[in-house]
Amino acid sequence: MKLPTEKPVLVTSALPYVNGECHIGHLRTYVPADIYVRMLRKMGYEVVFVSGSDTHGTPIVLSAEAQGVTPEEVVEKYHEHFRRTFAELNVKFDYFGRTDSETNHKRTAEIVQRLVENGFVYKKVLKQAFCNTCGRFLPDRYVEGECPYCGAVARGDECDQGCSKHLEPGEILEPRCKVCGSKADFKDQEHFFFKLSSFADFLASYLEGLGGTLNARNYAREWVRKELRDWCVTRSLEWGVKFPGREDLVVYVWVDAPIGYISFTEELLKNRGKEEGWQRFWKEDGATVVHFIGTDIIYHHCIFWPAMLKGAGYSLPNAVVASGMVKIDGKTFSKTRGNVVWVSEFLERFHPDALRYFLVAHSSHTKELDFSWGAFATRLNNELVGILGNLVHRVLSFGYKNFGVVPEGVVKEEVLVEIEKAKAEVVRAVEEYEFKKLVDAAMGLANFGNSFFQREEPWHLLKQGEAGRERCGEIVKNVLQIIKAVCVFLDAVLPEKMAEVWEGLGMKTGSAGSDLRSVRLEEAVAEIKSGQRLKKPKKMFERFLATAEGDLKSPQPPSRNKK
RNA sequence: GCCGGGGUGGCCUAGUUGGUUAGGGCGCCAGACUCAUAAUCUGGAAGUCGCGGGUCCGAACCCCGCCCCCGGCACCA
């Protein structure tokens, strides 16, 4: 998707559901979104980046009960956890809110009210399981019983262990409460439905013009093609946003969660003193809205969400970018089976930039990403240490030792051509949401830097008198130019490390000193100034577990036995 | 079953308006260099591009049939 330059861009990243800790699977969405935002800024766009905690829903209520605390306490704990984790990884939101905020309650109530007024909501009586022991209605997935078709033990909404048929509420036999195990009764209860079915034509044409990745559109198109069923948008719960006029019902969490995108925009702009500024993004079609999500929630973002917005008279998102899921050693993520890598565990041992790098370098954004310690070690050692770290370290060391500053000399045409080539690929990568291509382009340039330095053998020139020293300086300057460009291209991926290198190049000193983060992409081809003071470099990344034998084939994961 | 994605040297993978010797990375082998974290650079071996037909002067790429893998099929956050 080519982005329009005249409008500001709002980028959102899926809301983490705050009932557990952050694992690297979460990061597959947040890190690329952050990289995207940083790149857009380098390309001159005005960007706002928001996200926040998804705080409602049954799982949080039950998890709170299990811990003997209130839902607020659970939310508070993990909200803080995610906020801190994102900060550690340099995923820098302009605003990170939570869906239980007053703003979101108000906005949700307003939107639901609109849907009601516009005739898109109707009442219907449902049979719902009620546990007398727990004293509450049970969502279908928390009901256990016998499948009426095959007799297997089944869940209220589907026969998950037997014939895998979808079960309608009330169909299941011998219902029991999954929480306490006691018998459950079905009772009639009034609920509200959203007329999703009446949005089929709208969605079909909306999807045709939707930007973002192909996987999102493909899935959504198929769902629309089949049949859209109306959607029950209320739940019998205490915790959540009350359905207007009904104290006994809250709206389904998938209603108030995406509305969080709007509320967070409101809260952010209010903080900036622009009380009504959010309308530009959500009411007036005055902005480009891009949602970063995982493939697991395409349905909600490409079907429910645009239908809700349309029905309530809001403007619509322009793009949905869906990242593939993360696997560990080829197997699906599973907390219960221990097949998971926690971010905190990772950061105990490695620099956050290394994780950011791996998450985008290892696979195409829309494809699944298979994490393994071996694969991580290979990329870290060969690419971050071998190609990038080595280039920076060898050239900066050499330059620092022999010149102390960026030497005099002309930047060769050959070098500028390579940088321009990489720059074009970087821009294309961002437009295609293919962050691996961005990394590949930048690493390709670093590779070129290594070959160039090697080929010219400046260490020999140094021994050839004054003329040799001059030619040597020119070679060094050329490679420093390449490193400068690499910094610009990889700043979005490795913000801390590239900023250090930028400083090492002397870019921050002097009257024309610049901050890498706020520099434009064009800076990559701007000549590095001779005379800038170089700094003695430090190692960028340490190799991952080189044993005495140098065997890197089966590195031990860090503290894997940790619970 | 339906739909989507994919099957390219040991492994991962690029490659759509079909066209000279199918590109890259990992691993492997050989050599070079010593500025650099036993890092780097150069070269090399290795591929019936899932199977079978077809269209074409020519197909990994187009058409037909088939096989295999992954994912989705909704109210689960």
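Residues numbered from 1 in each chain as written. Chains lettered and ligands numbered in written order. Predicted model: local features only at pLDDT ≥ 70, side-chain atom pairs only at ≥ 80, totals over all residues. Heavy atoms only, no water.

This paragraph deals with the sheet that holds strand β6 (residues 143-146). Reading across from one edge, β7-β6-β8 is the order of the three strands in this open sheet, with antiparallel pairing throughout. The open sheet terminates on both sides in strands that have one partner only, identified here as β7 (153-155) and β8 (173-177). Across the sheet, the mean angle from the axis of one strand to that of its neighbour is 30°, orientation sign disregarded. Of the pairings in the sheet, the one linking β6 to β8 comprises three bridges and is antiparallel in character. Bridge pairing links Glu144 to Arg176 in β8. (Pairing = 2+ DSSP bridges. Helix = DSSP H or I, 4+ residues; strand = E, 2+ residues; numbered from the N terminus. Axes fitted to C-alpha atoms, helices over the stretch in contact; angles between N-to-C directions.)

Let us look at the nonpolar core. Counting residues in each nonpolar core, the largest one holds 120 residues, and the members touching the most others are Phe371 and Phe489. Here this core gets 14 residues from one element, more than from any other, and that element is helix α12 (residues 373-402). Three or more residues apiece are contributed to this core by two domains, here domain 1 (9-118 + 196-324) and domain 3 (373-525). Setting aside anything within four residues of it in sequence, one finds Phe371 in contact with Ile24, Val326, Lys327, Ile328, Asp329, Val341, Phe346, Phe358 and Phe376. Counting 59 residues, the second largest nonpolar core, distinct from the first, contains Leu249, Tyr261, Ile293 and Cys302. (Core = buried A, V, L, I, M, F, W, Y, C linked by side-chain atoms within 4.5 Å. Buried < 20%, exposed > 50% of the residue type's maximum accessible area, 1.4 Å probe, protein only. Domains from an automatic or database assignment. Contact = heavy atoms within 4.5 Å.)

Its 22 residues give helix α14 (residues 435-456) an end-to-end C-alpha distance of 32 Å, which sits within 8% of 32 Å, the value for a rise of 1.5 Å per residue. Looking one or two residues past α14, Glu457 carries a phi angle of roughly 45°, positive in sign. (Expected span 1.5 Å × (residues − 1).)

This part takes up the protein's contact with RNA strand B. Around RNA strand B, the surrounding shell holds 45 residues, and the nearest of these are Tyr17, Arg141, Glu227, Trp231 and Tyr299. In RNA strand B, the atoms that sit within 4 Å of the protein are 70% sugar and phosphate, with bases accounting for the remainder. Between RNA strand B and Trp231, the relevant distance is 2.5 Å, taken from a base oxygen to a side-chain nitrogen or oxygen of the residue. Within the side chain of His393, one N or O atom sits 3.0 Å away from a sugar or linking oxygen of RNA strand B. If you list the elements that add at least two residues to the surface near RNA strand B, you get α6 (214-226), α7 (253-271), α9 (298-312), α12, α14 and α15 (458-461). (Near = heavy atom within 4 Å. Polar contact = N/O pair within 3.5 Å; in protein donor to acceptor, adjacent residues only side chain to side chain.)

Further remarks concern the pattern of salt bridges. According to the stated counting rule, one finds 30 salt bridges in the structure shown. Among the salt bridges present, the one from Glu110 reaches Arg114, with a minimum N-O distance of 3.5 Å. Highlighted residues: Glu110 and Arg114, both in helix α4 (residues 102-117), separated by four residues, approximately one helical turn. Residue Arg114 is classed as partly exposed on the basis of its relative accessible area of 28%. (Salt bridge = Lys/Arg side-chain N within 4 Å of Asp/Glu carboxyl O.)

Quick look at the sheet that holds strand β13 (residues 242-243) now. Hydrogen bonds between backbone atoms are what pair the strands of a sheet, whose relative direction is either parallel or antiparallel. Across the sheet, which stays open at both edges, the three strands sit in the order β12-β14-β13 with antiparallel pairing between neighbours. Since the sheet does not close on itself, it has two edges, and those belong to β12 (234-235) and β13, each with one partner. The sheet contact formed by β13 and strand β14 (residues 246-251) spans two bridges and is antiparallel. Among the inter-strand pairings, Lys242 is bridged to a residue of β14, identified as Val250.

Orientation of α12 relative to α14, taken along the N-to-C sense of each, is 45°, at an axis distance of 10 Å. It follows that α12 is oblique to α14 by the angle criterion. The two elements α12 and α14 cross, and the hand of that crossing is left-handed. Of the residues in α14, those touching α12 at Arg379, Glu383, Leu384, Gly386, Ile387, Leu388, Asn390, Leu391, Arg394, Val395 and Phe398 are Lys436, Met443, Ala446, Asn447, Gly449, Asn450, Phe453 and Gln454. (Parallel < 35°, antiparallel > 145°, perpendicular 65-115°, else oblique. Left-handed = near helix turned anticlockwise from the far one by under 90°.)

So, on to unusual backbone geometry. With a phi angle near 60°, Asp285 is a residue other than glycine that sits in the positive phi range. Looking at where Asp285 falls in the secondary structure, it is placed in the loop between α8 (279-282) and β15 (288-294). Positive phi, normally seen in glycine, also occurs at Glu457, with a value near 45°. Following the sequence through the fold, Glu457 ends up in the loop between α14 and α15.

The next subject is the domain arrangement of chain A. Segmenting chain A into domains produces domain 1 (9-118 + 196-324), domain 2 (121-194) and domain 3 (373-525). Inter-centroid distance (C-alpha atoms) of domain 1 to domain 2 is 28 Å. With its nearest N and O atoms 2.5 Å apart, the salt bridge here joins Glu190 to Arg246. Where domain 1 packs against domain 2, one counts eight residue pairs in polar contact (both at pLDDT 80 or more).

Here we take up the side chain of His56. Secondary-structure assignment places His56 in the loop between β2 (47-53) and α2 (58-67). Within polar-contact distance, the side chain of His56 engages the backbone oxygen of Thr99 at 3.4 Å. Setting aside chain neighbours within four positions, we find His56 in contact with Tyr17, Thr99, Asp100, His105, Trp239, Gly240, Val241, Val253 and Asp256.

Now for the pairing of strand β16 (residues 319-323). Counting buried residues in β16 gives five out of five residues, a clear majority hidden from the surface. Going residue by residue along β16, you find Ala319, Val321 and Ser323 tucked away on one face and Val320 and Ala322 tucked away on the opposite face as well. The pairing of strand β10 (residues 211-212) with β16 spans two bridges and is classified as parallel. Residue pairing in the sheet places Gly212 in a bridge with Val320 of β16. As judged from the five bridges shared by β15 and β16, these two strands associate in the parallel manner. Considered in β16, the bridge of Val290 is made with Ala319. With α9 bridging β15 and the parallel β16, this β-α-β connection has right-handed handedness. (Right-handed = clockwise from strand over helix to strand, strands pointing away.)

Turning to the pairing of β14, a few remarks are in order. Consecutive residues of a regular strand have side chains that alternate between opposite faces of the sheet. Across two bridges, β12 lies against β14 in antiparallel orientation. From the neighbouring strand, Arg235 faces β14, where its bridge partner is Val250. Joining the antiparallel neighbours β13 and β14 is a turn of two residues, in which Gly245 adopts a positive phi near 80°.

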